[in-house]
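Understanding the architecture of this molecule
Chain by chain, the residues:
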Amino acid sequence: MKLENKVSMVTGAARGIGREIAFTLAKEGSAIAICDVSEEALSQTKNEIEGATGRKVLAEKVDVTSFPACQGFVNKILDNFGKLDILVNNAGITRDNLLLRMSEDEWDAVLGVNLKGAFNCIKAVARPMMKQRCGRIINMASIIGIMGNAGQANYSASKGGLIALTKTVAKELGARNINANAIAPGFIQTDMTDKLSPGMKEAMLKMIPLGKMGDTRNVADLVLFLAGEGSSYITGQCIQVDGGMVM
Ligand code: NAP
C-alpha cells in the first residue's frame, strides 16, 4: 500500500470527486478525516469507506468558509491520529451568472468556499506540517481557472486564485519539505456537471480530444500520485486532468 501510516484530510468529501479521493486514499492505507456541509451524505460516505476498508474514518460537518471550524477539525485530527500528512482542498461550489447579472452574494459565496476555504485549511495545517517537516497540500482547481469561461467570473477567479495560492504555498513551505500542487480537472461526471444543460454538455464534449467526460477516478488517481512518494520532487505545479481539453 502506498500510503501506509499516513493521515489524510479531504474537504467536500460527501460526494463526487472528494468522495472518490477519500476512498482511494483509504484503500491505499491512509487514515482518513473527511468533512463537508452535507451531513447526511457525509455520514453515508464515512460508513461506506469504513465498510470497504475496515478503517475508522473521522467525519465531521465543517463549513470551510469558517477558519475556527477548519482549525477545530484539524485539532481533532491531531488528537485522534497524532499527525496530519496530506490535505486535499476539494470543497467547491458554482453560482453561475453573466458578469452583469452576477450578484455580490454569488461572487462572495464562490470565492468564500473555493478560495478562502482552501486558505483557511492551509493555514490550519501549516503549523503542524512545518513541525513534522513534511506534508502534502493538494488543491482542487479547474481548467476554468486557466482559460476563463463566460458565465463563471466568480468560479474562474476563485480557481485562478487557487492556482496562484498553490504556488505561493509551495514557495513559503518548501523549505520544510511541504509540497503544494494544484489539480485542474476538465469536465468530470459528478452532481456539479449534471446541472449543466444538454446544449452546454454537447459543446464541452466537442472541445475534448479524448471525446468523453472524465471519471472521478481519473482525478483521484492523480491525487494519489501527488500524495505519494513518487511525486516528492514536484511542487508548485498545476496538473490538468481534462482529456486534452486545454493545451
Ligand atoms: P460536488 O459533487 O458538488 O461536491 C462538492 C462537495 O463540496 C459537496 O458535497 C458540497 O456540499 C461540498 N461543499 C460545498 N460547500 C462547502 C463548504 N462550505 N464546506 C465544506 N464542503 C462544502 O462537486 P465535484 O464535481 O465533486 O467537485 C469537487 C471539486 O472539483 C470542486 O472544487 C470543483 O470546483 C472541482 N472541479 C470539478 C469539476 C467537474 O467537472 N466536476 C471540474 C473542475 C473542477 P453541497 O452539495 O451541500 O453543496
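All values reported here derive from a predicted model rather than from experimental measurement. (Residues numbered from 1 in each chain as written. Predicted model: local features only at pLDDT ≥ 70, side-chain atom pairs only at ≥ 80, totals over all residues. Heavy atoms only, no water.)

**Concerning the pairing of strand β1 (residues 7-11)**
Judged by how many residues are buried, β1 sits mostly within the fold: five of five residues are covered. Burial along β1 is two-sided: Val-7, Met-9 and Thr-11 and Ser-8 and Val-10, pointing in opposite directions, are all buried. Direction of pairing for β1 relative to strand β2 (residues 31-36): parallel, over a ladder of five bridges. Paired with Met-9 across the strands is Ala-33, a residue of β2. Relative to strand β4 (residues 86-89), β1 runs parallel, the two being bridged by three bridges. Bridge assignment links Ser-8 to a residue of β4, and that residue is Ile-86. (Buried < 20%, exposed > 50% of the residue type's maximum accessible area, 1.4 Å probe, protein only. Helix = DSSP H or I, 4+ residues; strand = E, 2+ residues; numbered from the N terminus. Pairing = 2+ DSSP bridges.)

**A look at the packing of helix α4 (residues 104-132) against helix α6 (residues 153-173)**
Two numbers describe how α4 lies on α6: the axes approach to 8 Å, and their chain directions differ by 15°. What the angle tells us is that α4 and α6 run roughly parallel. In this structure, α4 crosses over α6, and the sense of that crossing is right-handed. Counted together, Glu-106, Trp-107, Val-110, Leu-111, Asn-114, Leu-115, Ala-118, Phe-119, Ile-122, Ala-126 and Met-130 of α4 and Ala-153, Asn-154, Tyr-155, Ala-157, Ser-158, Lys-159, Gly-161, Leu-162, Leu-165, Val-169 and Leu-173 of α6 form the full contact between these two elements. (Axes fitted to C-alpha atoms, helices over the stretch in contact; angles between N-to-C directions. Parallel < 35°, antiparallel > 145°, perpendicular 65-115°, else oblique. Left-handed = near helix turned anticlockwise from the far one by under 90°. Contact = heavy atoms within 4.5 Å.)

**A word on the side chain of Lys-46**
By the element assignment, Lys-46 lies in helix α2 (residues 39-53). Taking the relative accessible area as the measure of exposure, Lys-46 reaches 18% and is therefore buried. What Lys-46 contacts, discounting residues up to four positions off in sequence, is Ile-34, Lys-56, Val-57 and Ala-59.

**Section: empty space enclosed by the protein**
In total, this model carries one cavity of 30 Å³ or more according to the counting rule given. In this model, the largest cavity occupies a volume close to 50 Å³. Taken together, Thr-11, Val-64, Asn-89, Asn-90, Ala-91, Val-113, Asn-114, Gly-117, Ala-118, Met-140, Lys-159 and Leu-162 form the lining of the largest cavity. Looking at the lining of the largest cavity, the elements that each hand over two or more residues are α4 and α6. The element best represented in the lining of the largest cavity is α4, accounting for four residues. Its residues assigned to classes, the lining of the largest cavity comprises six nonpolar, five polar and one charged. (1 Å grid on protein atoms, 1.4 Å probe; cavity = no way out; pocket = protein on both sides within 12 Å on 5 of 7 lines; lining within 4 Å. Points joined across faces, edges and corners; volume = space filled by probe spheres on them. Nonpolar A, V, L, I, M, F, W, Y, C, P; charged D, E, K, R; others polar.)

Remember that the coordinates give geometry; whether it matters functionally is a separate question.
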